[in-house]
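Listed here are the chains, written in short residue letters.
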Amino acid sequence: MSEKHNASETPIISVKGLTKSFGSNNVLRGIDLDIANGEKISVIGPSGCGKSTFLRCLNCMEDPTSGAIIFDGVDIADIRVDINKHRERIGMVFQQFNLFNNKTIIENIMLAPTYVAKRELRRTKRKNFFIKLKNIFRKEKKALLPITTTKAEITENAKKQAYSLLKRIGLEEKADAYPSTLSGGQKQRIAIVRALAMNPKVILFDEPTSALDPEMVGEVLDVMKELAREGMTMVVVTHEMGFAREISDRVIFIDEGLIAEEGTPAEIFGNPQCERLRTFLSKVL
């Protein structure tokens with residue numbers, strides 16, 4: 001388990017009064033949670049309690065009904081915010097991998113960083129076009145924005161990074177394979193390094209082992225444990241109680257759309273306070 005974090009530190013994510021309703025179904029009924037930089041949080045609870053909805057709200061894949069989600073000082077739940085810009089720094093790993101079956105493994109990993117870098121290059125070139133246009137009428141010419149790369153360099157750098165990430169998880173020989181040829185465990189490891197390719201500040205994991213055969217669970221958990229040891233900020237919705245006990249700084253128990261209890265793994269698993277948590281643990285441990 002990683003070292004405890006100083007409570008005085010500004011949280012990297014601060015959730016305030018988060019609610020989410022689907023029609024008359026109130027799935028989240030007021031979540032408050034601060035997540036420190038480098039902290040590992042496991043989210044547990046019975047099926048249908050709102051765990052996955054909470055996770056999807058953290059990067060606004062689900063728009064909150066009310067409340068605030070402050071990420072790096074910005075309320076990303078505010079509709080005026082460019083959520084795509086901030087989502088680039090919040091990685092997401094899903095239950096069902098969500099790889100593109102018509103692209104090779106290396107193309108899957110390269111896709112997002114290449115798209116984002118080329119988009120920024122286009123924006124810079126467009127801004128420079130308008131600066132040049134306005135400079136025609138200016139006495140004091142405004143300097144152009146620096147352009148330090150090309151499309152070819154962006155692609156080449158993304159490819160090098162993708163190969164490095166594949167080597168990290170021992171799957172570099174699968175670079176040119178397609179997802180359909182991989183096992184479930186291999187697909188999920190690819191999904192994790194695909195998230196890492198964006199150099200995120202936080203990675204969210206939505207039950208990353210639930211779709212795997214039992215013998216494949218360990219290889220995925222090993223990658224996640226390595227990320228935890230390296231200090232990655234992680235929020236993990238999981239049914240793997242042993243994993244939650246081993247890597248978490250805090251464990252959050254959600255029941256009926258609320259945080260019913262939270263604490264260290266020792267507190268949650270060794271001395272649960274609320275009856276609902278005791279009942280839940282008696283069924284899963």
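To be clear, the structure that these remarks concern was listed above.
Calculation notes
Residues numbered from 1 in each chain as written. Predicted model: local features only at pLDDT ≥ 70, side-chain atom pairs only at ≥ 80, totals over all residues. Heavy atoms only, no water. Helix = DSSP H or I, 4+ residues; strand = E, 2+ residues; numbered from the N terminus. Expected span 1.5 Å × (residues − 1). Bend = angle between axes of the 7 residues up to and from the residue. Phe/Tyr/Trp six-rings, centres within 6.5 Å; stacked < 30°, edge-to-face > 60°. Buried < 20%, exposed > 50% of the residue type's maximum accessible area, 1.4 Å probe, protein only. Lys NZ or Arg CZ within 6 Å of the ring centre and 35° of its normal. Core = buried A, V, L, I, M, F, W, Y, C linked by side-chain atoms within 4.5 Å. Contact = heavy atoms within 4.5 Å. Pairing = 2+ DSSP bridges. Axes fitted to C-alpha atoms, helices over the stretch in contact; angles between N-to-C directions.

Colleague: Teacher, can you tell me more about helix α3 (residues 105-135) here?
Modeller: Two residues of an α-helix separated by three or four positions point the same way, owing to the 3.6 residues in each turn. The first and last C-alpha atoms of α3 sit 46 Å apart over 31 residues, in line with the 45 Å expected at 1.5 Å per residue. Of all the bends in α3, the greatest reaches close to 40° and is centred on Leu111; the proline Pro113 follows between one and four positions later.

Colleague: I'm lost on the packing of aromatic side chains in this one. Help?
Modeller: Geometrically, a pair of aromatic rings is defined through the distance of the ring centres and the angle of the planes. By the definition in use, this model includes two aromatic pairs. Both rings, one in Phe129 and one in Phe130, keep their centres 5.3 Å apart while their planes meet at 75°; by these two values the pair is edge-to-face. For Phe130, a relative accessible area of 42% corresponds to the partly exposed category. Measuring from centroid to centroid gives 5.4 Å for Phe253 and Phe280, while their planes differ by 40°, and the two rings are tilted. With Phe253 in strand β9 (residues 250-255) and Phe280 in helix α9 (residues 275-284), this pair connects stretches of sequence that are 27 residues apart. By the burial criterion, Phe253 is buried, and Phe280 matches it. Sitting over the ring of Phe22, Lys20 keeps its end group 4.9 Å from the ring centre.

Colleague: Would you mind going over the nonpolar core with me for this structure?
Modeller: Most often, soluble globular proteins keep nonpolar side chains buried together rather than apart. Formed by 39 residues in total, the largest nonpolar core has its most connected members in Ile109, Ile190, Ile192, Phe205 and Met224. Of all the elements in the fold, those that place two or more residues in this core are α3, α4 (151-168), α5 (184-196), β7 (202-206), α6 (214-229), β8 (233-237) and α7 (241-247). In terms of residue count, the dominant contributor to this core is α6 (eight residues). Residues contacting Ile190, with those up to four places away along its chain left out, are Leu99, Ile105, Ile109, Leu166, Ile169, Leu171 and Leu182. Counting residues in hydrophobic clusters, the runner-up holds 30 residues, among them Ile13, Ile31, Val43 and Ile254.

Colleague: Would you take a moment to explain the sheet that holds strand β3 (residues 40-44) for this structure?
Modeller: Ordered in space as β6-β7-β8-β3-β9-β10, the six strands form an open sheet in which the pairing is mixed. Bordering the open sheet on either side are β6 (90-93) and β10 (258-263), each of which pairs with just one other strand. For this sheet, the mean inter-axis angle between neighbouring strands, taken without regard to orientation, is 20°. Here β6 pairs with β7 via four bridges, running parallel. Paired with Ile90 across the two strands is Val202, which belongs to β7. Lying on the sheet, α6 is in contact with β3, β7 and β8; it crosses β8 at an angle near 145°. In the packing of α9 onto the sheet, contacts are made with β3, β9 and β10, and the angle to β9 comes to roughly 100°.

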